[in-house]
Amino acid sequence: MLEPLFFALGLVNNVVLIFIFLIRKNHLALLQKIGRVYFFLAIPAIYAIYLVQQEQKTHRYTIFLGIFLAFLAIEALYDWILKIPFREKMDWKLLAPYVALYISMNYGFVVMVWKYYSVVGGIIMLGLFVIQIITNIISHPRAVVEKR
């Protein structure tokens, strides 16, 4: 039960993030709604942690689910609670933990599915992560470098 849930959680996470990256330039109202819905992925993640214990699966699932929940928490903290424009200001003190959790979360979805569920599922996760990175890069505003 855990492995298919973990795979589904990873699929939904990837698809939602790709969608967010595609709409973030021109559809801010829709982005706000989707952004709030994204946080509901914490519910199946918490349930998956319960399943890890019930099914006595490797603790690696708990670690990567914890990383995913930490990513959701920092996303909520920066975007919804503190309303910090950390993406626009490119403040590495704020970006470093965010980017580290983002990469670690995606790594977890690829590797755990690949190793414990199916190679095909892992390849699907890897492909979606590559699409996610491409859409993220394309949709980011270009940083303006100040000349002195």
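In this report, we go over the structure that sits alongside the text. (Residues numbered from 1 in each chain as written. Predicted model: local features only at pLDDT ≥ 70, side-chain atom pairs only at ≥ 80, totals over all residues. Heavy atoms only, no water.)

Taking 1.5 Å per residue as the helical rise, helix 7 (residues 119-139) with its 21 residues ought to reach 30 Å, and the 30 Å between its terminal C-alpha atoms agrees with that figure. Restricting attention to buried positions, one finds in helix 7 the residues Gly121, Gly122, Met125, Leu128, Phe129, Gln132, Thr135, Asn136 and Ser139. The arc that holds the buried residues of helix 7, viewed along the axis, is 145 degrees, so those residues lie on one side. Exposed residues on helix 7 whose side chains face more than 90 degrees from its buried face are Val120, Ile137 and Ile138. On its buried face, helix 7 sits against helix 1 (2-23) and helix 6 (92-116). (Helix = DSSP H or I, 4+ residues; strand = E, 2+ residues; numbered from the N terminus. Expected span 1.5 Å × (residues − 1). Buried < 20%, exposed > 50% of the residue type's maximum accessible area, 1.4 Å probe, protein only. Arc of directions from axis to C-beta. Contact = heavy atoms within 4.5 Å.)

Another aspect to go through is the pattern of salt bridges. By the definition in use, this model includes 1 salt bridge. Close ionic contact of Glu3 with Lys57 constitutes a salt bridge, the shortest N to O distance being 3.1 Å. With Glu3 in helix 1 and Lys57 in the loop between helix 3 (42-55) and helix 4 (59-81), this pair connects stretches of sequence that are 54 residues apart. Here Glu3 falls in the buried class, since its relative accessible area comes to 13%. The class of Lys57 is partly exposed, set by a relative accessible area of 31%. (Salt bridge = Lys/Arg side-chain N within 4 Å of Asp/Glu carboxyl O.)

Another aspect to go through is a nonpolar patch on the surface. Taken together, the side chains of Trp114, Val119, Ile123, Leu126, Val130, Ile134 and Ile138 define a hydrophobic patch exposed on the protein surface, amounting to about 610 Å² of accessible area. When residues in the nonpolar patch are grouped by element, the largest group, 6 residues, is from helix 7. Examined against the element boundaries, Leu126 turns out to sit in helix 7. (Patch = residues over 30% accessible without salt bridge, like charges linked within 9 Å, V, L, I, M, F, W, Y side chains within 5 Å. Areas by Shrake-Rupley, 256 points an atom, 1.4 Å probe, with all protein chains shown as cover.)

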